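# Structural characterization, general
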Amino acid sequence: MIAQTLTAPASEYAAEAALLVREIEQYLTARVRTTAHPLVTKTTAELLAEALGGVPVAPAAPVLAPPARALRLLPDWVLAFPLLRQLHGAGRQVSVAEHLELTALVIERYGWHSGALRSTSGRRCILGAQAVLFRLGYGDEHVAVAAGHRLQAVLAARGISEPYHRWNDATGRTRTEVLALVHTAATAARREGR
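A brief report on the enclosed structure follows. (Residues numbered from 1 in each chain as written. Predicted model: local features only at pLDDT ≥ 70, side-chain atom pairs only at ≥ 80, totals over all residues. Heavy atoms only, no water.)

## Description of the overall build of the chain
When helices and strands are tallied, the chain shows ten helices and zero strands. Secondary structure elements of the chain, listed N to C terminal, follow the sequence α-α-α-α-α-α-α-α-α-α. Looking at the chain residue by residue over its 194 residues, the buried ones come to 41%. Long-range contacts, defined as pairs at least 24 residues apart, comprise 71% of the intrachain contacts of the chain with a sequence gap of at least 6. Summed over its atoms, the accessible surface of the chain is roughly 10,400 Å², and 61% of this surface lies on carbon and sulfur atoms. (Helix = DSSP H or I, 4+ residues; strand = E, 2+ residues; numbered from the N terminus. Buried < 20%, exposed > 50% of the residue type's maximum accessible area, 1.4 Å probe, protein only. Contact = heavy atoms within 4.5 Å. Areas by Shrake-Rupley, 256 points an atom, 1.4 Å probe, with all protein chains shown as cover.)

Encoded structure:
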């Protein structure tokens, strides 16, 4: 089956990769700071939070359809090809919070893995999911490193000094625990304005 997938026409890969990129772009576009009127300097969410007396308004959940299976199965180095990067946001700047939210989405859609960056079926660990985003051009090395520091800070607050990629691989670790860590780090980064 993998051999069939890898021998599929390049246009099929491009179409499936374009679908993933379009959905990531929709998510990022929804995160753009917009106001109803040019004289208004705060976003609607900020105005609502202010009107509600500081009660935080949760942002809408990011929308990202499941990535195409072929894209999950492609070797990671293929994701860095200039053509795929151009189709999928090459150089698109994202915040640390957005990087972490997208990392969680990749794990949710590709599946979670421990013991290596990825499985043969394309499931990813935290670091592997971050690598997918980096290779496709979402953010840069500084954003990925800052996201790693944010993950490490959440673990440190829990009294865990183990690096997050090793924590991901610990015996008995679950997908739910991993996603909770990534979401907690994203929330903290968003609160700090990162």
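## A look at the packing of helix H6 (residues 96-110) against helix H10 (residues 175-191)
In the contact formed by H6 and H10, the axes pass within 7 Å of each other and the chain directions differ by 160 degrees. It follows that H6 is roughly antiparallel to H10 by the angle criterion. The two elements H6 and H10 meet at a crossing, and its hand is left-handed. For the pair formed by H6 and H10, the contact residues are Val96, Ala97, Glu98, Leu100, Glu101, Thr103, Ala104, Ile107 and Glu108 on the first element and Arg175, Val178, Leu179, Val182, His183, Ala185, Ala186, Ala189 and Arg190 on the second. Tallied by class, the residues present in the contact of H6 with H10 amount to eleven nonpolar, two polar and five charged. (Axes fitted to C-alpha atoms, helices over the stretch in contact; angles between N-to-C directions. Parallel < 35°, antiparallel > 145°, perpendicular 65-115°, else oblique. Left-handed = near helix turned anticlockwise from the far one by under 90°. Nonpolar A, V, L, I, M, F, W, Y, C, P; charged D, E, K, R; others polar.)

## With respect to helix H8 (residues 141-157)
Compared with an ideal rise of 1.5 Å per residue, which puts 17 residues at 24 Å, H8 spans 24 Å between its outermost C-alpha atoms and is within 8% of the ideal. Within the sequence span of H8, burial applies to Val143, Ala144, Ala147, Gly148, Arg150, Leu151, Val154 and Leu155. Burial along H8 is one-sided: seen end-on, the buried residues are contained in an arc of 155 degrees. Across H8 from its buried face, at more than 90 degrees, point the exposed residues Glu141, His142, His149, Ala156 and Ala157. Here the buried face of H8 lies against H6, helix H7 (126-136), helix H9 (164-169) and H10. Capping of H8 at its N-terminal end is provided by aspartate 140; its side-chain oxygen lies 3.1 Å from the backbone amide nitrogen of histidine 142. (Expected span 1.5 Å × (residues − 1). Arc of directions from axis to C-beta. Polar contact = N/O pair within 3.5 Å; in protein donor to acceptor, adjacent residues only side chain to side chain.)

## Side note on the environment of tryptophan 77
Tracing the backbone shows tryptophan 77 in the loop between helix H4 (69-73) and helix H5 (82-87). Tryptophan 77 sits in the exposed class, given a relative accessible area of 56%. Note: C-alpha distance between tryptophan 77 and leucine 136 (59 residues apart in sequence) is 10.0 Å.

## Quick look at H6
With 15 residues, H6 extends 21 Å from end C-alpha to end C-alpha; this agrees with the ideal 21 Å at 1.5 Å per step. Following H6 by one or two positions, glycine 111 has its phi on the positive side, about 105 degrees.

## Re the packing of H6 against H8
Where H6 contacts H8, the axes come no closer than 9 Å and their chain directions differ by 75 degrees. On the basis of the axis angle, H6 is roughly perpendicular to H8. Listed contacts from H8 to Val96, His99 and Leu100 of H6 are Val143, Ala144, Ala146, Ala147, Arg150 and Leu151. Considered class by class, the residues forming the contact of H6 with H8 number seven nonpolar, one polar and one charged.

## Observations concerning the pattern of salt bridges
Under the criterion given, the structure shown has three salt bridges. Measuring nitrogen to oxygen at the nearest pair gives 2.9 Å for the salt bridge that ties glutamate 101 to arginine 190. Separated by 89 residues along the polypeptide, glutamate 101 in helix H6 and arginine 190 in helix H10 bring together distant segments of the chain. Note on glutamate 101: relative accessible area 14%, which makes it buried. A relative accessible area of 29% means that arginine 190 is categorised as partly exposed. Arginine 150 serves as the salt-bridge partner of glutamate 192, at 2.9 Å between the closest nitrogen and oxygen. Residue glutamate 192 is located in the segment after H10, and its partner arginine 150 is located in helix H8; the two are separated by 42 residues in the primary sequence. Classification of glutamate 192 by relative accessible area gives partly exposed; the value is 42%. (Salt bridge = Lys/Arg side-chain N within 4 Å of Asp/Glu carboxyl O.)

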